[in-house]
Amino acid sequence: MWRPFFQPYHLIIVQDGDPSKTIKVPDGFDYELYNRNDINRILGPKASCISFKDSACRCFGYMVSKKKYIFTIDDDCFVAKDPSGKEINALEQHIKNLLSPSTPFFFNTLYDPYQEGADFVRGYPFSLREGVPTAVSHGLWLNIPDYDAPTQLVKPLERNTRYVDAIMTVPKGTLFPMCGMNLAFNRELIGPAMYFGLMGDGQPIGRYDDMWAGWCTKVICDHLGLGVKTGLPYIWHSKASNPFVNLKKEYKGIYWQEELIPFFQSVALPKDCATVQKCYLELSKQVKAKLGKVDDYFNKLADAMVTWIEAWDELNPSSASAEVANGPKK
Ligand SMILES: O=c1ccn([C@@H]2O[C@H](COP(=O)(O)OP(=O)(O)O[C@H]3O[C@@H](CO)[C@H](O)[C@H]3O)[C@@H](O)[C@H]2O)c(=O)[nH]1
Ligand SMILES: [Mn+2]
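Residues numbered from 1 in each chain as written. Chains lettered and ligands numbered in written order. Predicted model: local features only at pLDDT ≥ 70, side-chain atom pairs only at ≥ 80, totals over all residues.

### Let's talk about the overall build of the protein chain
What counts here: Comment: elements are numbered from the N terminus, with helices defined as DSSP H or I runs of at least four residues and strands as E runs of at least two. A residue is called partly exposed when the number of other C-beta atoms within 10 Å of its own lies between 12 and 20, exposed at 12 or fewer, and buried at 20 or more, with C-beta atoms placed from the backbone. Throughout, a residue-residue contact means that the two C-beta atoms, derived from backbone geometry, are no farther apart than 7 Å.
Counting secondary structure elements, the protein chain contains 10 helices and 8 strands. Based on the C-alpha atoms only, the size of the protein chain along its principal axes is roughly 55 × 45 × 45 Å. Here the protein chain holds 330 residues, and the buried ones make up 38% of them. A separation threshold of at least 6 residues defines the contact pool for the protein chain, and within that pool the share at least 24 residues apart is 75%.

Below, the structure is given as structure tokens:
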């Protein structure tokens, strides 16, 4: 189903779980396949920052990629159709989102002003109409919505049938629950912040991989004057994961997040943090200082954030000091 849309691109497949299992990739695709043995061989001791038996492992693919734009998708997501019945080219829409500016400083009520058939509405300051570079494009899902376990348990039959033709910039200073199911980003602008954390096997939490990455990414985008968009494109999410298994994975996250959100809302990054790596290392210091008392897990996570950046810079030496064109916002 994805062949017409994926074939022109380079695929990086991160195989979780038992590395002795062979994944059959259909012919005709240009791809790299990494299993746990490959991750351990490439990163050595630093492989400790890449999760096992959780979707968080996907961020290894972001680190080894040599491409400017990344699209990440779950293995139970398929091509969706728009209300006219036309197949949605998710990659095309994500690229349009990433190539057009974002408007984090002032909300445009007619949604994305750069979209065909839309514009800035009356009263929108002309000094802000240039917008800022877009770092993240967050797509949505028809059919099975991305609900947490309690919501899934209460509403097992709920399906998302609403196709909303809108793309919005998440305003500066506002966090959002970033879902990794249908997500694209500019690797050169924000790649080092897309660490999906310590989740799954041997960890007290799972299914907060994309959430952690999204909160870190958003505070860094706000600091560096970069934009995050959400809305189109849609994919078709085909299956619901087991809510009881999910509850076991995410329950600590459900109460920890009541402390995590105020922490991220209060994060202030120093002006001299002009690269994503510097912002991320500063963030890891604040995680250790302020969240270490919530649970020792956050001390380990803070250390893993440092390991992630060390591994990223080792595999991507040229990006190690790349200052973001926009730089910190006043
Ligand atoms: O041990 C694992 C479990 C899963 N994966 C891969 O992760 C994604 C999501 O898995 P799944 O579709 O089963 O679960 P969802 O509830 O639909 O996923 C939501 O949670 C987020 C992950 O935390 C995800 O982005 C949301 O959509 C699949 O690709 C599995 O293959 C894994 O690699 N290892
Ligand atoms: Mn799924």
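The structure having been displayed, the exposition proceeds.
### Quick word on the site of ligand 1
Filter applied, for reference: Any residue whose C-beta atom, as set from the backbone, lies within 6 Å of a molecule or strand is reported as near that molecule or strand. When residue character is reported, Ala, Val, Leu, Ile, Met, Phe, Trp, Tyr, Cys and Pro are called nonpolar, Asp, Glu, Lys and Arg charged, and the others, Gly included, polar.
Around ligand 1 sit 17 residues in total, of which Asp16, Ser55, Asp74, Met181 and Ser241 are the nearest. Here the shell around ligand 1 is composed, by residue class, of 3 nonpolar, 4 polar and 10 charged.

### Details of the UniProt feature "site: Required for activity" (unreviewed entry) in the protein chain
Heads up, the condition is: UniProt positions are given in the numbering used here, feature names are shortened, and annotations may be inferred rather than shown by experiment.
When the UniProt feature table is mapped to this numbering, "site: Required for activity" (unreviewed entry) covers Arg122 and Arg129. Judged by the 5 C-beta atoms lying within 10 Å of it, arginine 122 falls in the exposed class. C-beta crowding within 10 Å serves as the criterion here: with 15 such atoms nearby, arginine 129 is assigned to the partly exposed category. In this view, arginine 129 contacts Phe120 and Tyr124; residues no more than four positions away in its chain are not counted.

### Overview of the environment of valine 287
Tracing the chain through its elements places valine 287 in helix α9 (residues 276–291). Through-space distance from the C-alpha of valine 287 to that of asparagine 299 is 7.4 Å; in sequence the pair is 12 residues apart. The contacts of valine 287, once residues within four sequence positions are left out, are Phe298, Leu301, Ala302 and Met305.

### Overview of the nonpolar core
Put simply, the rule is: Among buried residues, those of type Ala, Val, Leu, Ile, Met, Phe, Trp, Tyr and Cys that are joined through C-beta atoms within 7 Å form a set called a nonpolar core.
One finds Ile190, Cys216, Ile220, Tyr280 and Met305 to be the most contacted residues of the largest nonpolar core, which totals 61 residues. Of all hydrophobic cores here, the second largest spans 11 residues; its members include Leu140, Leu232, Tyr234 and Ile235.

### Points about the packing of α9 against helix α10 (residues 297–315)
Applied cut-off: Convention adopted: a line fitted to C-alpha atoms gives each axis, helices being fitted over their contacting stretch, and angles between N-to-C directions are expressed from 0 to 180 degrees. Reported orientations rely on four angle classes, namely roughly parallel under 35 degrees, roughly antiparallel over 145, roughly perpendicular from 65 to 115, and oblique for the rest. Left-handed describes a crossing whose near helix is turned anticlockwise from the far helix by less than a right angle; the clockwise case is right-handed.
Their axes nearest at 8 Å, the elements α9 and α10 cross at an angle of 165 degrees. The angle between α9 and α10 places the two elements in the roughly antiparallel class. Where α9 crosses over α10, the two elements pack in a sense that is left-handed. Residues Gln277, Tyr280, Leu281, Ser284, Val287, Lys288 and Leu291 of α9 pack against Phe298, Asn299, Leu301, Ala302, Met305, Val306, Ile309 and Asp313 of α10. For the contact of α9 with α10, the class distribution of residues is 10 nonpolar, 3 polar and 2 charged.

### Observations concerning α10
Every α-helix carries 3.6 residues per turn, so stepping three or four residues along brings you back to the same face. Filter applied, for reference: To estimate the expected span of a helix, count its residues, drop one, and scale the result by 1.5 Å.
Across its 19 residues, α10 extends 26 Å between first and last C-alpha, which sits within 8% of the 27 Å expected from 1.5 Å per residue. Among the residues of α10, those classed as buried are Phe298, Leu301, Ala302, Ala304, Met305, Trp308, Ile309, Ala311 and Trp312. Looking at the packing, one finds that the buried side of α10 touches α2 (36–43), α3 (59–64) and α9.

### Digging into the environment of phenylalanine 29
Mapped onto the fold, phenylalanine 29 is located in the loop between β1 (10–14) and β2 (30–34). What makes phenylalanine 29 partly exposed here is the crowd of 14 C-beta atoms within 10 Å. Put simply, phenylalanine 29 and histidine 10 are 19 residues apart on the chain and 7.5 Å apart in space, counted from C-alpha to C-alpha. Among all residues touching phenylalanine 29, those that are not within four sequence positions of it are Phe6, Gln7 and Leu11.

### As for the packing of helix α7 (residues 209–224) against α9
The interhelical angle for the contact between α7 and α9, taken along N-to-C directions, is 125 degrees, at an axis separation of 10 Å. Classified by the angle their axes make, α7 and α9 are oblique. In this structure, α7 crosses over α9, and the sense of that crossing is right-handed. Contacts from Cys216, Ile220, His223 and Leu224 of α7 reach α9 at Val276, Cys279, Tyr280 and Leu283. Here the contact of α7 with α9 is built from residues that sort into 7 nonpolar, 1 polar and no charged.

### Thoughts on the pairing of strand β8 (residues 227–237)
Keep this limit in mind: Here, strands pair whenever DSSP counts at least two bridges between them.
Within β8, 10 of the 11 residues are buried, leaving the element largely enclosed by the surrounding structure. Pairing geometry for strand β4 (residues 77–78) and β8, over 2 bridges, is antiparallel. Across the sheet, the residue bridging to cysteine 77 is histidine 237, located in β8. Judged from the 9 bridges that link them, strand β5 (residues 134–143) and β8 form a sheet pairing that is parallel. The residue bridging leucine 142 from the neighbouring strand is tryptophan 236, located in β8. The sheet contact formed by strand β6 (residues 167–169) and β8 spans 3 bridges and is antiparallel. Bridging from a neighbouring strand, methionine 168 pairs with threonine 230 of β8.

### Examining the confidence of the model for the protein chain
This is how it is decided: Along the chain, pLDDT gives the predictor's confidence residue by residue, from 0 to 100.
Of all residues in the protein chain, 97% attain a pLDDT of 70 or more, and the chain-wide mean is 96. As a predicted assembly, this complex carries a pTM of 0.96 together with an ipTM value of 0.96.

### A word on helix α4 (residues 90–99)
Turning to α4, its buried residues are Ala90, His94, Lys96, Asn97 and Leu98. Where α4 is buried, its residues contact α1 (3–6), β3 (69–73), β5, β6, β7 (182–186) and β8.

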